[in-house]
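As a plain string of letters, each chain reads:
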Amino acid sequence: MPSLVVSGITVQVSITADTEEENVAVGEVVRAFDGTPRSSVRGYKREFSVETIYLVPAVADPLIAALKTPGGVTCSGDFLGGTVGCVVTDIKVRHVKIQGVIVHKVVTFRLLTG
């Protein structure tokens, strides 16, 4: 199972075939005065949908705090190909309860690298 390191916190993540989305263009394509397309795309970023395995709250809570850090985080992992700067969006936490007590958390989020 692949691992992901976010701001020094290592977690196991589940990766599926549809985890990596299309490359996201940075910039835009506009029309010139003569009608031809003119591109100002400066690069592409990769976007991933990530879901952790079941985590105990003692591990999940620092991860959630790190993911909510304003200004992005530093990420590395098997599927990223090295250490990169990341922007995290759409953080969702699913609680697994037994008799009303939270015993595990599953964290899902979108990771934009580049």
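Values in this document were obtained by computation on a predicted structure and should not be read as measured data. Numbers given to residues run from 1 along each chain, matching the order in which its sequence is written. At least 70 in pLDDT is required for a residue's local features to be given in this predicted model, at least 80 for side-chain atom pairs to be given and counted, and no such filter applies to totals for whole chains, interfaces and linings, which use all residues. Heavy atoms throughout the structure, all of them, feed into the side-chain values; hydrogens and water do not.

## Comments concerning the overall build of the protein
When helices and strands are tallied, the protein shows one helix and nine strands. A run of H or I in DSSP becomes a helix once it reaches four residues, and a run of E becomes a strand once it reaches two; helices and strands are each numbered from the N terminus. When the helices and strands of the protein are listed from N to C terminus, the series reads β-β-β-β-β-β-α-β-β-β. Each of the 114 residues in the protein was classed as buried or not, and the buried ones make up 27%. Nonlocal contacts in the protein, meaning residues at least 24 apart in sequence, comprise 58% of its contacts between residues at least 6 apart. Here, Shrake-Rupley sampling with a 1.4 Å probe gives the accessible areas, and only protein chains in the shown set may cover a residue. With an accessible surface of roughly 7000 Å², the protein has 54% of that area assigned to carbon and sulfur atoms. Exposure classes here rest on a 1.4 Å probe applied to the protein chains alone. A residue is buried below 20% of its type maximum, exposed above 50%, and partly exposed in between. Note on definitions: a residue-residue contact is assigned when non-hydrogen atoms from the two residues lie within 4.5 Å.

## Digging into the nonpolar core
With 22 residues, the main nonpolar core has Leu 4, Val 50, Leu 63, Cys 75, Phe 109 and Leu 111 as its most contacted residues. For this core, the secondary structure elements donating two or more residues are strand 1 (3-6), strand 2 (9-14), strand 6 (43-52), helix 1 (57-67), strand 7 (73-77), strand 8 (84-98) and strand 9 (101-113). Per-element accounting of this core gives the leading share, five residues, to helix 1. Nonpolar core, defined: a set of buried Ala, Val, Leu, Ile, Met, Phe, Trp, Tyr and Cys residues in which side-chain atoms within 4.5 Å join the residues together.

## Thoughts on unusual backbone geometry
A positive phi angle, close to 50 degrees, is found at Asp 90, a residue other than glycine. If you trace the backbone, Asp 90 turns up in strand 8. The phi torsion at Gln 99 lies on the positive side, around 55 degrees, for a residue other than glycine. Relative to the elements of secondary structure, Gln 99 occurs in the loop between strand 8 and strand 9.

## Points about helix 1
When helix 1 is considered as a whole, its buried residues turn out to be Ala 60, Leu 63, Ile 64, Ala 66 and Leu 67. Within helix 1, the buried residues cover an arc of 160 degrees as seen down the axis, which keeps them to one side. When we speak of the arc, we mean the arc of directions from the helix axis to the C-beta atoms.

## What to know about the pattern of salt bridges
We define a salt bridge as a side-chain nitrogen of Lys or Arg found within 4 Å of a carboxyl oxygen belonging to Asp or Glu. The full count for this structure, using the stated rule, is two salt bridges. Taking the shortest distance from any N to any O, the salt bridge between Glu 47 and Arg 110 comes out at 3.1 Å. Separated by 63 residues along the polypeptide, Glu 47 in strand 6 and Arg 110 in strand 9 bring together distant segments of the chain. Across the pair Lys 105 and Asp 61 runs a salt bridge, and its minimum N-O distance is 2.6 Å.

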